[in-house]
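Residue-level structure breakdown
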Amino acid sequence: MYADYAYLIVALPVLAFLLCLFLGWHLPRGGGFITVLATFGALIVSLGIFSETYPDKIIHQSMPWFADFNVGILIDPLALVMLLMVTFVVTLIHIYGNGYMNGDPGAARYFAEAALFSASMLGLVYADNLLQLFIFWELVGLCSYLLIGFWYRKPSAAAAAKKAFLTTRVGDVLFLAGIILLYNNLAGLNLALKPGEYLLQFPVIYAHLTQIAPDQLTLIALGLLGGAIGKSGQFPLHVWLPDAMEGPTTVSAMIHAATMVTAGVYLVARMFPLFYAAPYGLTAVAAVGAFTALFAATMGLTSFDIKRVLAFSTVSQLGFMMAGLGVGAAVGTFAVGVSIFHLIGHSFFKALLFLCAGSVIHAVNTNDMREMGGVGKYMKWTMYTMLIGSLSLAGFPLFTGFFSKDEIIVIAYEYGTLINFLPYIFLVLAAILTAIYTFRMWFSVFTGKERSDYAKHESPWVMLGPLVILAVFALGFGIAAQEDFYSYLDSNFEHYDLDFAELGVIGGHVLEGEHGAPAAEGEQGAAAAKGAAGEGEAGGEEGPGEPWYIQILPIIVAIGGILTAALFYWDKVKKFDPSQVTGEKDPIRKMLLKGYYQHEIMTGWFAETVVYGTALICNTIDIKLVDGWLNWLSAWVMGFAQHVRKVQTGIIQNYVTALVLGVVVLVVVITLAMEVGLV
Amino acid sequence: MIPLELYILLASTMFTIGLYGLVTQKNGVKLMMCIELLLNSANINLVAFSAYQPNVNGQVFALFSIALAAAEAGVGFAILIALYRLYGTIDLDNIKAMRW
């Protein structure tokens, strides 16, 4: 029965958007409660659908739109867990936002845009075809632009919004190219579609993957990956994410946890069969993800802005998710479960961390960790909830982040034994750095002495409530849900007309899957068997295949990282004054602070020299050659007309004279012609 | 009976005078008069032919033509009065608001 109301999941936030947009000015607190109610309603509907469909049903509704396209709703396990996570986290963030945005003159605009943001993300998640997904994808981009630039009078916020919009647009163009290519390929097959089937619907795409040429599949996969890179802030398009901190902290929480950056990972997970079938598709995903994970983590080490640290950690964790999907070349669909599990867990603790950071910023009124210190004395609730979030992010045993990140590292190891160890090495290094920068942040904010004069009070309960709820999930979600989650997600692609073994042959993953694993012996053979188990029997159990040190390594990494951070930044261990650090002297620190000079290279060198130079040349050609020729032609016509128009004197006598002369000439000519005998 | 050639001669003389005036004169009223000359030269022809070829078609036609000329004169002079009010002159050389 709830399935009949699936459309409400998007319709309610859209309604809230309209209400807040037009009536919000007249409502108390900008009508924030409407947005909360709408997303809460969407959460209720999602829960109802979950209770009806779990564990083995999917919902697919569709109606024609135009030509080859339709609009539809597809709720399978993958979409459903995303729906639940987004509605849940977003509801909490909106509740928190009611406290955080209280008193802001633009509150109504904020809640309207936030509602539209939620609606777009939810629409993206349960779209049943790529075109619809793309439309919501763009809407998400638009909303992120509006919300990052929410304080648009601040030049840095306006610039950050523009940067986010343009950077993600680079990815979006690639995404659109991928969609068009996929459409062309599918249309070229001349499929006999049943009524109610449309070309870009996911089930149709899945069913016909084997018929598309492998090189085309690779191109399509790279296009889609380009979109995901832009949206999920992967290298080299991650530059917009740290700058996106210019928006209100709740917006950062929404972008980083629930609504925007996860879209890219979700897209890759949604199109996992395509990536799996495309030669080099998953390799590219794994390479991008693993590199980004380490790359962003190093930058998170040095930043002084508490929100930028969190932003880099988001980029890094998204890299983990991407890498988790990418190493699916070794373990099949099991990777989707692992990666999405990390996505969900991450959204809990990252939302928690951002909201905690917001709570701190609300009191201290600065983002700079050098001016905080000792906040824990006054904000006990914030401190302890943030501790839970940090432990979870660092991957401390038994916290949510431990289960999800650990599993990604383990499957990366399996990928290593089968194919290539690089992703594994990158991810382990990134995991160490994650623990270090997380606790560097926590220690510098909450311990030590007060380094500036800030308001010493705890945040109101409307803000703390969501923190506590999120903390519970950051703490317990992993241990409570892991097994069921993996098996549920692993069943996702069983609902479709798909044969992963066949796809694997196209994609060149012949070593694994049900057909695989004769390749190696010893440890490698065992790991390969685990890969087969992961795909074959809807995995979830810890394979006995990995050596004990692989199992234990993530724990060592997490605790070691936390201890390292404590050694440097905990005042009980070492007297350390972050306020003295500027990062001007130390070249490595300076490089990390500057983000590997990427801004300097991209904007300073690439944009100003190459792009601007090319633009100048094009401009010259355009003005001198294209325009010049046309201008010359029209100038000539004008000059000629200047002379000719003098004939039109406007003096009647001249006209009459011409008339009479004309008649005379005519008469003379005709007479002569008659004389000669022509007429 | 006056020979037909004389009528035609009279009519073509009148026509030529009218045409000459039309080309050379600048004054609006004179132009109107020249146009009347042109019209009436045609009328003379019509009546003359009608008398020589015994039926009254030509004379009826001439009546129509006179009525038409009256209407035309009415409109023409109205325009001239309007022009005079606007420009203070009816010298057509000075009326050139729509000229280049």
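Calculation rules
- Residues numbered from 1 in each chain as written.
- Chains lettered and ligands numbered in written order.
- Predicted model: local features only at pLDDT ≥ 70, side-chain atom pairs only at ≥ 80, totals over all residues.
- Helix = DSSP H or I, 4+ residues; strand = E, 2+ residues; numbered from the N terminus.
- Rg over C-alpha atoms; globule rule 2.2 N^0.38 Å.
- Buried ≥ 20, exposed ≤ 12 C-beta atoms within 10 Å, placed from the backbone.
- Contact = placed C-beta atoms within 7 Å.
- Core = buried A, V, L, I, M, F, W, Y, C linked by C-beta atoms within 7 Å.
- Pairing = 2+ DSSP bridges.
- Nonpolar A, V, L, I, M, F, W, Y, C, P; charged D, E, K, R; others polar.
- pLDDT = per-residue confidence, 0-100.
- Axes fitted to C-alpha atoms, helices over the stretch in contact; angles between N-to-C directions.
- Parallel < 35°, antiparallel > 145°, perpendicular 65-115°, else oblique.
- Expected span 1.5 Å × (residues − 1).

**Quick word on the overall build of chain B**
Counting secondary structure elements, chain B contains three helices and zero strands. Going from the N terminus to the C terminus, chain B shows its helices and strands as α-α-α. Its C-alpha atoms give chain B a radius of gyration of 17 Å, more than 25% over the compact-globule value 13 Å for 100 residues. For chain B, the C-alpha atoms occupy an extent of roughly 50 × 25 × 20 Å along the three principal directions. Split into buried and exposed, the 100 residues of chain B put 14% on the buried side.

**What to know about the overall build of chain A**
A count of helices and strands for chain A gives 26 helices and two strands. The proportion of buried residues among the 679 residues of chain A is 54%. Considering only residue pairs separated by 6 or more positions, chain A has 79% of its internal contacts joining residues 24 or more positions apart.

**Topic: the nonpolar core**
Generally speaking, nonpolar side chains in soluble globular proteins are found buried as a group. Among the nonpolar cores identified, the biggest contains 224 residues, and Val89, Val268, Ala351, Leu352, Leu427 and Ala474 of chain A are the most heavily contacted of them. Considering each element in turn, this core owes the most residues, 19 residues, to helix α16 (residues 334-364) of chain A. In contact with Leu352 of chain A, other than residues within four places in its own chain, are Thr385, Gly389, Leu467, Leu470, Ala471 and Ala474 of chain A. Listed in part, the five residues of the second largest apolar core include Met14, Leu22, Leu31 and Leu37 of chain B.

**What to know about the pairing of strand β1 (residues 59-66) of chain A**
The side chains of a regular strand alternate between both faces of the sheet. Residue and element names in this part refer to chain A. Examined bridge by bridge, β1 and strand β2 (residues 69-75) share seven bridges and lie antiparallel to one another. Looking across to β2, one finds that His60 is bridged to Leu74. Two successive antiparallel strands, β1 and β2, enclose a turn made up of two residues, where Ala67 displays a positive phi of approximately 45 degrees.

**Topic: the interface of chain A and chain B**
Of the residues lining the interface, eleven residues belong to chain A; the matching set on chain B comes to nine residues. For the side of chain A that touches chain B, the residue count by class is four nonpolar, five polar and two charged.

**Details of the environment of Tyr100 of chain A**
Residues and elements named next belong to chain A. Following the sequence through the fold, Tyr100 ends up in helix α3 (residues 77-100). Assessed through the 27 C-beta atoms surrounding it within 10 Å, Tyr100 is described here as buried. Along the backbone, Tyr100 and Thr250 are 150 residues apart, and their C-alpha atoms lie at a distance of 7.7 Å. If we ignore the near neighbours within four places in the chain, the residues touching Tyr100 are Pro248, Thr249, Thr250, Gly358, His362 and Met463.

**Concerning the confidence of the model for chain A**
With 89% of its residues at a pLDDT of 70 or more, chain A shows a mean pLDDT of 80. Element-level pLDDT for chain A is lowest in helix α22 (residues 522-536) of chain A, with a mean of 42, against a maximum mean of 90 in helix α26 (residues 652-676) of chain A.

**Considering unusual backbone geometry**
Glycine aside, the phi torsion of most residues is negative, and most peptide linkages are trans. Within the chain, Leu398 of chain A stands out as a residue other than glycine whose phi angle is a positive 80 degrees. For Leu398 of chain A, the location among the structural elements is in the loop between α17 (380-394) and α18 (400-418).

**Quick word on the packing of α3 of chain A against helix α10 (residues 249-259) of chain A**
Residues and elements named next belong to chain A. Across the interface, α3 lies against α10 with an axial gap of 10 Å and an inter-helix angle of 175 degrees. By the angle between their axes, α3 is roughly antiparallel relative to α10. In this structure, α3 contributes Met85, Val86, Val89, Val90, Ile93, Tyr96, Gly97 and Tyr100 to the contact, and α10 contributes Thr249, Thr250, Ala253, Met254, Ala257, Ala258 and Thr259. A class-by-class count of the residues in the contact of α3 with α10 yields eleven nonpolar, four polar and no charged.

**Some remarks on the packing of α16 of chain A against helix α20 (residues 461-490) of chain A**
All names here are of chain A. Packing of α16 against α20 brings their axes to within 9 Å, and their N-to-C directions diverge by 175 degrees. The angle between α16 and α20 places the two elements in the roughly antiparallel class. Class assignment of the residues belonging to the contact of α16 with α20 gives a composition of 21 nonpolar, five polar and one charged.

**A word on α3 of chain A**
Between its first and last C-alpha, α3 of chain A extends 34 Å over 24 residues, near the 34 Å set by a 1.5 Å rise per residue. Here α3 of chain A lies mainly inside the structure; 23 of its 24 residues are buried.

**Details of the confidence of the model for chain B**
Across chain B, the average pLDDT comes to 89, with 97% of residues at or above 70. Listed scores for the predicted complex are pTM 0.73 and ipTM 0.76.

**Notes on the environment of Leu31 of chain B**
Residue and element names in this part refer to chain B. Mapped onto the elements of the fold, Leu31 is located in helix α2 (residues 28-52). A C-alpha to C-alpha distance of 9.6 Å links Leu31 and Leu19, two positions twelve residues apart in sequence. Look past the residues within four positions of Leu31 in its chain and what remains in contact with it is Leu22 and Gln25.

**Observations concerning helix α5 (residues 130-148) of chain A**
Structurally, the α-helix is built with 3.6 residues per turn, so residues lying three or four positions apart point the same way. Under the 1.5 Å per step criterion, the end-to-end length of α5 of chain A is 26 Å for 19 residues, consistent within 8% with the ideal 27 Å. The buried count for α5 of chain A comes to 14 of 19 residues, which makes it a mostly enclosed element.

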